[in-house]
Every structure is written in C-alpha cells, then in structure tokens.
Amino acid sequence: WVNAAVPGVTVTVKPEARRHSIEGSRLKSSSASRYGDVIRIETENEFSRDGAVLYFSNGSEEAVDKGDSEKYFNDSERIPEIYTRVGEKALSINGLPLLNEAARTIPLSVRNRIAGEVTMTFDLGYYYGQHAPYLEDRETGAFINLLHENTYTYTVSETGDNHDRFVLNFYLVSTDLETPGADETDAGSSISIKSLSGKVLVSMSPELAQAENAMVEVYTIDGRKVDALPVRSSRTLLFLPNEKSVFIIRAVADKVVKSERVIYSGK
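Each chain carries its own residue numbering, running from 1 in the written order of its sequence. Where totals are concerned, whole chains, interfaces and linings use all residues; where local detail is concerned, this predicted model gives features only for residues with pLDDT of at least 70, and gives and counts side-chain atom pairs only at 80 or more. For the side-chain quantities, the full set of heavy atoms in the structure was used; hydrogens and water were omitted.

Asker: I tried to follow the environment of serine 203 on my own but got confused; where do I start?
Answerer: Under the DSSP-based scheme used, a helix requires at least four consecutive residues in state H or I and a strand at least two consecutive residues in state E, with every element numbered from the N terminus. Secondary-structure assignment places serine 203 in strand β14 (residues 199-204). Separated by 117 residues in the primary sequence, serine 203 and valine 86 have C-alpha atoms spaced 47 Å apart. Every residue in contact with serine 203, bar those within four places of it in the chain, is listed here: Ser190, Ile191, Ser192, Ser234 and Arg235. In this analysis, two residues are considered to be in contact whenever any of their non-hydrogen atoms come within 4.5 Å of each other.

Asker: Explain the pairing of strand β15 (residues 215-220) here, please?
Answerer: Regular strands show a simple pattern: their side chains alternate between the two faces of the sheet. Of all six residues that make up β15, five are buried, and the element is covered over most of its length. Pairing analysis gives five bridges linking β15 to strand β16 (residues 225-230), with the strands arranged antiparallel. When the bridges of β16 are listed, valine 216 appears paired with leucine 229. Accessibility here uses a 1.4 Å probe with only protein chains present; expressed as a share of the type maximum, an area under 20% marks a residue as buried, one over 50% as exposed, and anything in between as partly exposed. Pairs of strands are assigned from DSSP output, requiring at least two bridges between the strands.

Asker: How should the pattern of salt bridges be read in this particular structure?
Answerer: Close approach of charged atoms allows side chains of opposite charge to pair. Salt bridges are counted wherever a side-chain nitrogen of Lys or Arg sits within 4 Å of a carboxyl oxygen of Asp or Glu. The final tally for this structure, using the stated rule, is 14 salt bridges. For the salt bridge of arginine 104 with glutamate 62, the shortest nitrogen-to-oxygen distance reads 3.1 Å. Of this pair, arginine 104 sits in strand β6 (residues 103-112) while glutamate 62 sits in the loop between β2 (49-56) and β3 (69-70); the two residues are 42 residues apart in sequence, bridging distant segments of the chain. By relative accessible area, arginine 104 is classed as buried at 19%.

Asker: Hey, could you run me through the nonpolar core in this one?
Answerer: Nonpolar side chains in soluble globular proteins tend to end up buried together. Counting residues in each nonpolar core, the largest one holds 26 residues, and the members touching the most others are Phe122, Leu135, Leu168 and Phe170. Elements that contribute at least two residues to this core include exactly β1 (37-44), β2, β6, β7 (117-123), β10 (151-155) and β11 (160-172). With sequence-adjacent residues up to four places away left out, leucine 168 is seen in contact with Ile41, Leu54, Arg104, Thr105, Ile106, Leu108, Phe122, Tyr134, Leu135 and Leu146. Only buried residues count toward a nonpolar core, which is a set of Ala, Val, Leu, Ile, Met, Phe, Trp, Tyr and Cys residues joined through side-chain atoms within 4.5 Å.

Asker: Would you take a moment to explain the packing of aromatic side chains for this structure?
Answerer: The way to describe two aromatic rings as a pair is by their centre distance and the angle between their planes. Two rings from Phe, Tyr or Trp (for Trp, the six-membered ring) form a pair when their centres are within 6.5 Å of each other. A pair whose planes differ by under 30 degrees is stacked, one over 60 is edge-to-face, and the rest are tilted. Overall, the coordinates contain eight aromatic pairs when judged by the stated rule. Judged by centre distance (5.7 Å) and plane angle (20 degrees), the rings of tyrosine 134 and phenylalanine 143 are stacked. Across the pair, exposure class does not vary: tyrosine 134 and phenylalanine 143 are buried alike. Both rings, one in tyrosine 152 and one in phenylalanine 166, keep their centres 6.5 Å apart while their planes meet at 75 degrees; by these two values the pair is edge-to-face. Separated by 14 residues along the polypeptide, tyrosine 152 in strand β10 and phenylalanine 166 in strand β11 bring together distant segments of the chain. When its relative accessible area of 11% is taken as the criterion, tyrosine 152 is described as buried. Feature note: the residues Phe56, Tyr127 and Phe170 constitute an aromatic cluster, connected by ring pairs. Distance and angle both matter: a charge sits over a ring if NZ of Lys or CZ of Arg is within 6 Å of the ring centre and within 35 degrees of the ring normal. Cation over ring: arginine 78 sits above phenylalanine 47, and NZ or CZ is 4.3 Å from the ring centre.

Asker: Sorry, what's going on with the sheet that holds strand β17 (residues 235-239) here?
Answerer: The strands that make up a sheet pair up through hydrogen bonds in the backbone, lying either parallel or antiparallel. In space, the three strands of this open sheet follow the order β13-β14-β17, with antiparallel pairing throughout. Of all strands in the sheet, those with a lone pairing partner are β13 (191-196) and β17, marking the two edges. Each neighbouring strand pair of the sheet contributes to a mean axis angle of 15 degrees, computed without reference to strand direction. Direction of pairing for β14 relative to β17: antiparallel, over a ladder of five bridges. Looking at β17, one finds that valine 202 is bridged to threonine 236. An axis is simply a line fitted to the C-alpha atoms; with a helix, the fit covers only the stretch in contact. Between two such axes, the angle follows the N-to-C directions and lies from 0 to 180 degrees.

Asker: Just to check I follow, could you spell out the sheet that holds β15 for this structure?
Answerer: Overall, mixed pairing links the five strands, which are arranged β12-β19-β18-β15-β16 in an open sheet. Of all the strands in the sheet, the pair left with one neighbour each is β12 (185-186) and β16.

What follows is the structure in structure tokens.
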C-alpha cells in the first residue's frame, strides 16, 4: 500500500516497471536484510496471519523516519495483527539505531478482535546482533529465549488493542562469562545446573566439591556479579534475586568451570 505524507501526490506505476527477478528492479529486496539486524514477526490464528518487522541499523532513528512503514490495519476481524509503535504512530516496519546499551526493552502491540489462540513466530535468519532477544508475556510470565525457541502460542484474554502484554527484551551477551578461560576446562557432566521458580541447584562431582576454591557465582546478563556462594557439598542451592531478568550461573572448582543461563520472571 502507498501512504502519501502530503496531499496532492500521485503515483504512477508503468507496465514496463514489472520485473520477475531482482535484477533491474528498483524496489527493495529482502535480500538486503543481511546488512542489518532484522527480526521478522508473524502472528497466525486458525483463520489468517499478519506480520511486522523490527530492525537495527546505522542511520535509523528512534523517531519515525524514511525507513519505517506505517501499519495498515485490516478490515477483517479474523486477522491477528502485530505491530510496534513510536509514540502514537503504529508501524509495521520499525527501524531503530544499533543496540549499544546492555539491555533494551521494546513493546510489541497486538490487535485481536476474536477470541482463540494466536501463534507468534520470530524469524531471526537475518539477526546477527550481540544481544540475545527474549519474548516476555507479562500476562502469563512466560520469558522465552528466541535464539532457542522461536514460536510462542498465547490465548487472547481480551479483544482489541493491547500495548502492554508483550515486550521484546534484548540483553548483551556476556561471552567471557559463558566460556572457559584460557587456563580453564569445561566441566562437562561433572557439574550440572538446574533452575526452577527462582531457585538454582548446582551439583558437582565429589572430587570437585572438595576443592578449596569451589564456588558458585551469579551474574546479570551484562556481567555484574550479584551473588557468590562457596561450595560445601556436592549440592548447592541458591536463590536468585527477586527481579525479572536473565542470570548467568557460573560454577568453578580447580579451574574446571560450567556456566548456564537461567531466566527468572520474578514473583
């Protein structure tokens, strides 16, 4: 669709402008997406589907700019619509500056005019950013690492536009904490880390647990240490800080290390 920003504008598309391939075309091609960090979002129910695009690139602005596209809302009430917003402006394509901060939250808006289930699918085929994206459903508490699981199905709890239920959280990846150092060895199966409802259980082999420097550390996703416990036995139970976030659990003993990310949605 074409949206004229000022009155009195006409657009003419001539027959000779038709193309059956990218070569010679003046239109934007999706192949150019590989030059930006792009996330394509699709929402689908039993009747139809809708889509939106979020991308980060040099030259893009926080405000609405020429790389953005306004949302064209459908007439059919059966279509489960998805979009982002800049102020009160609804966008189907939203370009933003490159992510430089340690964490960023971007709301996702949905419009559902019939009840039922809707599946969100996130295409990260052209996303190369250093930030890990997580989908958060603030109604159910679901917190999903989209690099590991790219679909999420939710039930429409209320019809109409909802700007507060879903957000995308971007956290800078702390790779130095998640991989063994130059003088360290990966623990493999000798250390296991399991989390449930704000608690983390770290199990070590008896040999490692007896090491004098055996320690379990808790970091935020941006590398800030928030807790550390000495290992006293082969099992160490710790409680995560009561904040909605992604944490890195790092267990170390005699230069043997294992790190895992855990997600806590808070109480």
